[in-house]
Amino acid sequence: MENCSAASTFLTDSLELELGTEWCKPPYFSCAVDNRGGGKHFSGESYLCSGALKRLILNLDPLPTNFEEDTLEIFGIQWVTETALVNSSRELFHLFRQQLYNLETLLQSSCDFGKVSTLHCKADNIRQQCVLFLHYVKVFIFRYLKVQNAESHVPVHPYEALEAQLPSVLIDELHGLLLYIGHLSELPSVNIGAFVNQNQIKLFPPSWHLLHLHLDIHWLVLEILYMLGEKLKQVVYGHQFMNLASDNLTNISLFEEHCETLLCDLISLSLNRYDKVRSSESLMSDQCPCLCIKELWVLLIHLLDHRSKWFVSESFWNWLNKLLKTLLEKSSDRRRSSMPVIQSRDPLGFSWWIITHVASFYKFDRHGVPDEMRKVESNWNFVEELLKKSISVQNSSFSISWLPFKGLANTMKSPLSMLEMVKTCCCDKQDQELYKSSSSYTIFLCILAKVVKKAMKSNGPHPWKQVKGRIYSKFHQKRMEELTEVGLQNFFSLFLLLAAVAEVEDVASHVLDLLNFLKPAFVTSQRALIWKGHMAFLLMYAQKNLDIGVLAEKFSCAFREKAKEFLVSKNEEMVQRQTIWTLLSIYIDGVQEVFETSYCLYPSHEKLLNDGFSMLLRACRESELRTVLSFLQAVLARIRSMHQQLCQELQRDNVDLFVVQSSLSAKERHLAAVASALWRHFFSFLKSQRMSQVVPFSQLADAAADFTLLAMDMPSTAPSDFQPQPVISIIQLFGWDDIICPQVVARYLSHVLQNSTLCEALSHSGYVSFQALTIRSWIRCVLQMYIKNLSGPDDLLIDKNLEQAVEKEYMKQLVELTRLLFNLSEVKSIFSKAQVEYLSISEDPKKALVRFFEAVGITYGNLQTLSDKSAMVTKSLEYLGEVLKYIKPYLGKKVFSAGLQLTYGMMGILVKSWAQIFATSKAQKLLFRIIDCLLLPHAVLQQEKELPAPMLSAIQKSLPLYLQGMCIVCCQSQNPNAYLNQLLGNVIEQYIGRFLPASPYVSDLGQHPVLLALRNTATIPPISSLKKCIVQVIRKSYLEYKGSSPPPRLASILAFILQLFKETNTDIYEVELLLPGILKCLVLVSEPQVKRLATENLQYMVKACQVGSEEEPSSQLTSVFRQFIQDYGMRYYYQVYSILETVATLDQQVVIHLISTLTQSLKDSEQKWGLGRNIAQREAYSKLLSHLGQMGQDEMQRLENDNT
């Protein structure tokens, strides 16, 4: 039903007939509303929400889908629908009164929880029958009642005769029914609350049903009387009754008497609530004890106002005012005997209270839906009478007992709020809720504004002069000296209102004169309020586009004095500082409003920006600085906006912009003067605070960016030391200077890059490499993301994991800067030439920087001409700047793992990606410095000193990048550089040993950074030279014996060599270098682990040498073994033969080629010792020869036969 009624609001009346029967269920009053679903203000069954009121006013069928059968049941009896009311009207009304009596009888039953369900059902059934009957009367009148022709003399049917009497009968019966039920105010008090059973169904006592049935009767009687008049279009007289004036009762007189009685009852109910509520609570208390009472008020408003528009009758306000006037009369002579006697302890306050509440009911439309735009019918004449009575009663002091007065001080928190209050008072269309939130003094101001404006509109300035004279005369020196704080607020409110509606300059001048009468002690205690009032007048001047010079001069001087006091005050004097700051903040907020409100600037605006701000900025702490700098940004934005508007106006007038810049208009000069004041008093402070942490980073960057944009718009206003390129000078200070905190730089450059006009102008200025320097700053911001203060000792963030270590705000700013920077044409060109995708990685600054380094390297590699390559090298070095300075804080004594990981990782990417660039003579110096600084610092060269674990971890992860890059540089260097090769060897030498595992297991060597550098050989062509260098370093530094003592950590280095051979293709050159040392280990070291690893290495080398050699063994390999036999064959013949047995199992040919050398070594040995044949050595040698097949047998035979 509720959905249907809501939908009907938007349907035409003809379409409403097509709605279902549920929609047309007979409406009735009900306050059992559940607002959880639709938020309705009235019940879905109400006269408003069901559309019953609208159908009444539009003269439509009250219930189009009801009473359509031939018969109907009323009061348990079947009746003929079309004739029942004519034939049995008196019987039906008698049954109606009987049902009323039955319901009244139920009130005598005790209503406890056990009986409430039964009583509720009985009472509800009686009420439904009664309501149904009255609705039937309405439908009968609309459908079946025929208008009789009184002048016709034709004999009529008996039914027609009865039908002709029906209107008069109805008048009598309805009047009798009203007499029977009496006044609403006479009903016993009803508890509106309900019982709720276990099924969450509300159950009401009989008294609740009786009250609501009375409401139904009162309203439905009005509906029936209204419909009778609409149907018959003539006056209907009653037969049995006469009115109070001894006139015959008519439908019109009964309607009016009943309206008066009903309104009187509603007033009486409201008065009962008013008398029981405290004055302080009257404002928020509802006048209606029940939602249905409220609905009845709304119904009466609509019905009576509708009748007054189409008939000669009184409007709703006239009805109500007439009754309230009776209430206000001291004597009761004029009260009529049929009216209930209404008395109040405060009739005047009650009258104010009820008309304000009732006025709020006008917002409900015919469907009970609130419509804030709905017009409230004027009731001003009665309000004026109430005003006169209120003033006379209160001895010329306007006040309403239930309206607040004490809260006035709290409403004036700022000059702007004072002005807003005045604007509200002066508004032609007053807020309907004004009385709920305003004091009686505010309402007085509203009335005063209305009266003055109305008088001036009708009679010119003369009424204003009269009002001014009367008000000005009330304020003199004695009165001003007697003012309290609230009185001073009222003073400002009054004169601000007068200034708003009349002559603002005259009023403001008079106020300044009157303020001079205040006592000095009072001025001191209320200076904040005086400043607010003063600023409120300044704002009013600005809003009216008047020159503020008169007010600004005095006020700005007072501000300067307070700023000076604030500067010299000590931090310990907290109370004094807070008092002064309160005044200063009033001035700052007010001046900001003045600039934002002013349509154009006058020379006097510059006075508001005096050197008081210079003193204030030096005295402020962080929280106070935020306020002042927010003010600065607002004023800068306003000046730039006004300048742009001015330029647009001049362009529309077809004025050449060059002329505009050279000879400024008056408005432009005023703007320039204000801008110069900002440069003078604010920018010098910002410049001095670039490296301090006093000013919050975000506001420092924002303010600097605003000044940059101001310099772009109005370059001539910038200081002389910034000329002739003020924009470039400021960007150099805040965006490109390496000593500025990265947090400031990132935010500042984001602002700059967001301005496409500025970027376009700077990119094509040719004065400086704007894009390259901006890229350099971005690189620094990314590299220094873990540094919070470049100048302080505690310059690193707390060590957390990499994602959490950077402040969220700075990371957001860095992401934004990255996104904007990747829109620069220079950056786009690099990525385009390199054919590298970058759009998806701009959200991660670190990944973006990696991709940028790679793109630059690829772009350089694709260049063909020498000139292009030379220019690219220069540009690339410009991108980097003093990159080692950027990362220096991470390399200090305070170790920070996240910063070290970032530093070593990024520099490793740089060395590898830019290897071809570093191969040039221009860039090699930077490469040398990077290697010396990061990989070969003094601490690394001290082998006995352990490096910090975070540093070692960072190097381990990034070392492959450095080695690969350096290797490429060595291969592609324009001039062979012995120092670079030496550096590469030193790095390898240092870190092979530092990253060897504690235990010599090959499985532990898989992640050794030097070995990792050799992987991915397909992408790094010069990798063989890197391996060659590694082998040379191992031969020189890790397999070198000191006398007979083996080198340290021999097993680990053998394991490393073995892993090296496993992961790479072994070259014969590498075998020549490493095999002698490995053979020496097998001969001289008896440690099992060393022997095992050396043997495995030997096997890998022999097998490697077999690859590529056909049947003949490698001459280099044979040469190595031959030298080995010569060195150790005499003294360590047993070990030599054992080693060669191992070799023979792998490659017989190698050993076969060595037979002659071995035999000669045997003979030399025997000859040397001079003891004849060495049987033991010969047996060992024979054992070796037995593994060599026929060649071995032959050699054994020759040795047998040799008698030498």
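Residues numbered from 1 in each chain as written. Predicted model: local features only at pLDDT ≥ 70, side-chain atom pairs only at ≥ 80, totals over all residues. Heavy atoms only, no water.

To keep it simple, the criterion reads: UniProt positions are given in the numbering used here, feature names are shortened, and annotations may be inferred rather than shown by experiment.
The name given to the protein in an unreviewed UniProt entry is Protein MMS22-like, and the organism recorded there is Pan paniscus. The UniProt entry for the protein carries the following text under Sequence similarities (unreviewed entry): "Belongs to the MMS22 family. MMS22L subfamily."

**Structural notes on a negative patch on the surface**
To keep things clear, this is the line we draw: Exposure above 30% relative accessible area and the lack of any salt bridge qualify a residue for a patch; like charges then connect within 9 Å, and the nonpolar side chains Val, Leu, Ile, Met, Phe, Trp and Tyr within 5 Å. Note on areas: Shrake-Rupley, 1.4 Å probe, and residue coverage restricted to the protein chains presented here. By salt bridge we mean one thing: a side-chain nitrogen of Lys or Arg within 4 Å of a carboxyl oxygen of Asp or Glu. Charge convention: Lys and Arg are scored as positive, Asp and Glu as negative, and His as well as the terminal groups of each chain are ignored. Taken as the charge centre is NZ of Lys, CZ of Arg, CG of Asp or CD of Glu, depending on the residue. Buried residues are those whose accessible area, probed at 1.4 Å on protein chains only, stays under 20% of the maximum for their type, while exposed residues exceed 50% and partly exposed ones sit between those limits.
A cluster of acidic side chains, namely E68, E69, D70 and E82, defines a negative patch on the protein surface. A residue is classified by how much of its surface remains accessible, and D70, at 65% relative accessible area, is exposed.

**Digging into the nonpolar core**
What counts is decided by this rule: Only buried residues count toward a nonpolar core. Its members are Ala, Val, Leu, Ile, Met, Phe, Trp, Tyr and Cys residues joined through side-chain atoms within 4.5 Å. Numbering goes from the N terminus for both helices and strands, where a helix is a DSSP run of H or I of at least four residues and a strand is a run of E of at least two. Any two residues whose heavy atoms approach within 4.5 Å are treated as being in contact.
In this structure, F491, F495, L616, W778, I1034 and F1121 are the most contacted members of the largest nonpolar core, which totals 286 residues. It is helix α46 (residues 949-972) that contributes the most residues to this core, 12 residues altogether. Dropping the residues within four chain positions of it, F491 is found in contact with F475, M480, L483, V511, L514 and L515. Membership of the second largest hydrophobic core comes to 118 residues, among which are W79, L215, C259 and W297.

**Focus on the pattern of salt bridges**
Across all of its chains, the model carries 31 salt bridges by this definition. Note that R577 and E624 form a salt bridge whose closest N and O atoms lie 3.5 Å from each other. Of this pair, R577 sits in helix α25 (residues 574-597) while E624 sits in helix α28 (residues 622-652), and the two are 47 residues apart along the sequence. Of the two residues, R577 and E624, both sit in the buried class. Residue E816 pairs with R819 through a salt bridge whose shortest N-O separation is 2.6 Å. Taken together, the residues span about one helical turn, with E816 and R819 both in helix α37 (residues 808-821) at a distance of three residues. What emerges from the salt-bridge pattern is a single network uniting R90, R97 and E173.

**Let's talk about the side chain of H218**
Looking at the element boundaries, H218 is found in helix α8 (residues 206-232). H218 has contacts with L178, I181, G182, L184, H258 and L262, leaving out every residue within four places of it along the chain.

**Looking at the packing of aromatic side chains**
Note the following rule: Any Phe, Tyr or Trp ring, taking Trp's six-membered ring, that has another such ring centre within 6.5 Å forms a pair; planes under 30 degrees apart are called stacked, those over 60 apart edge-to-face, and the others tilted.
Under the counting rule described, the total for this entry stands at 53 aromatic pairs. For the ring pair Y274 and W353, a centre distance of 5.1 Å and an interplane angle of 45 degrees mean the geometry is tilted. Of this pair, Y274 sits in helix α9 (residues 251-276) while W353 sits in helix α12 (residues 347-360); the two residues are 79 residues apart in sequence, bridging distant segments of the chain. By relative accessible area, which is 3% here, Y274 ends up buried.

**Points about the environment of Q972**
Structurally, the position occupied by Q972 is in helix α46. Of the residues examined, Q972 reaches a relative accessible area of 39% and is grouped as partly exposed. What Q972 contacts, discounting residues up to four positions off in sequence, is Q916 and A919.

**Some words on the state of the cysteines**
Selection rule: The term disulfide is used for any two cysteine sulfur atoms that are within 2.5 Å.
One pass over the structure, following the stated rule, counts zero disulfides. Of all cysteine sulfurs, the one in C426 lies closest to C427, which takes part in no disulfide; the gap is 8.9 Å.

**Overview of the environment of L646**
Topologically, L646 is positioned in helix α28. A residue is classified by how much of its surface remains accessible, and L646, at 7% relative accessible area, is buried. As a C-alpha pair, L646 and S665 span 19 residues in sequence and 9.5 Å in three-dimensional space. The residues contacting L646, other than those within four sequence positions of it, are S665, K667, E668 and L671.

**With respect to the packing of helix α35 (residues 770-783) against helix α40 (residues 866-880)**
The condition that has to hold: Only the contacting stretch of a helix is used when fitting its axis, a line to C-alpha atoms as for every element, and angles between N-to-C directions run 0 to 180 degrees. Angles are sorted into four bins: roughly parallel if under 35 degrees, roughly antiparallel if over 145, roughly perpendicular if 65 to 115, and oblique for all others. Classification convention: Asp, Glu, Lys, Arg as charged; Ala, Val, Leu, Ile, Met, Phe, Trp, Tyr, Cys, Pro as nonpolar; all other residues, Gly among them, as polar.
The interhelical angle for the contact between α35 and α40, taken along N-to-C directions, is 45 degrees, at an axis separation of 7 Å. The pairing of α35 with α40 is recorded here as oblique in orientation. Where α35 approaches α40, its residues A772, L773, I775, R776 and I779 are matched on the opposing element by K875, E878, Y879 and L880. Among the residues forming the contact of α35 with α40, the class breakdown is six nonpolar, no polar and three charged.

**Considering helix α20 (residues 485-501)**
Defined as follows: What a helix should span is 1.5 Å times the count of its residues minus one.
With 17 residues, α20 should reach 24 Å at 1.5 Å per residue; the first-to-last C-alpha distance of 25 Å fits that figure. Burial of α20 is extensive: 14 of the 17 residues sit out of reach of the surface.

**Notes on a nonpolar patch on the surface**
A contiguous nonpolar surface patch, about 260 Å² in accessible area, is contributed by V235, Y237 and I252. Here Y237 is to be found in strand β5 (residues 237-242).

**Details of unusual backbone geometry**
P724 follows Q723 through a cis peptide bond whose omega is 5 degrees. Assignment of secondary structure puts P724 in the loop between α31 (697-713) and α32 (726-734). Backbone geometry places N59, a non-glycine residue, at a positive phi of 60 degrees. Considering the arrangement of structural elements, one finds N59 in the loop between α3 (52-57) and β1 (71-74). The partly exposed category is assigned to N59, whose relative accessible area is 41%.

**Observations concerning the pairing of strand β2 (residues 77-80)**
As a reminder of what qualifies: Being paired, for any two strands, means DSSP has found at least two bridges between them.
Bridge count for β1 against β2 is four bridges, and the pairing is antiparallel. By the bridge assignment, I74 is partnered in β2 with I77. Here β1 folds back onto β2 in antiparallel fashion, the turn holding two residues, of which F75 has a positive phi close to 55 degrees.

**Section: empty space enclosed by the protein**
Worth spelling out the cut-off: Cavity and pocket criteria rest on a 1 Å grid covering protein atoms alone: a 1.4 Å probe that fits but cannot get out defines a cavity, protein on both sides within 12 Å along at least 5 of 7 lines defines an open pocket, and an atom within 4 Å of a point defines a lining residue. Grid points are joined across faces, edges and corners, and a volume is the space filled by probe spheres set on the points.
In the structure shown here, the tally under the stated rule is four cavities of 30 Å³ or more. Space inside the largest cavity adds up to approximately 140 Å³. Lining the largest cavity we find Y599, C600, L601, M642, Q645, L646, E649, K667 and L671. The leading source of residues in the lining of the largest cavity is α28, at four residues. Class assignment of the residues belonging to the lining of the largest cavity gives a composition of six nonpolar, one polar and two charged.

**A closer look at the packing of helix α57 (residues 1175-1185) against helix α58 (residues 1189-1201)**
The interhelical angle for the contact between α57 and α58, taken along N-to-C directions, is 155 degrees, at an axis separation of 8 Å. By the angle class used here, α57 and α58 are roughly antiparallel. Facing α57, whose interface residues are R1178, Y1181, S1182 and L1185, α58 presents G1189, G1192, Q1193, E1195, M1196 and L1199.

**Structural notes on the environment of H135**
Examined against the element boundaries, H135 turns out to sit in helix α6 (residues 116-143). Considering only alpha carbons, one finds H135 and F67, 68 residues apart in sequence, at a separation of 9.7 Å. If near-sequence neighbours (up to four positions away) are discounted, H135 is found in contact with P26, P27, Y47, L63, F67 and L220.

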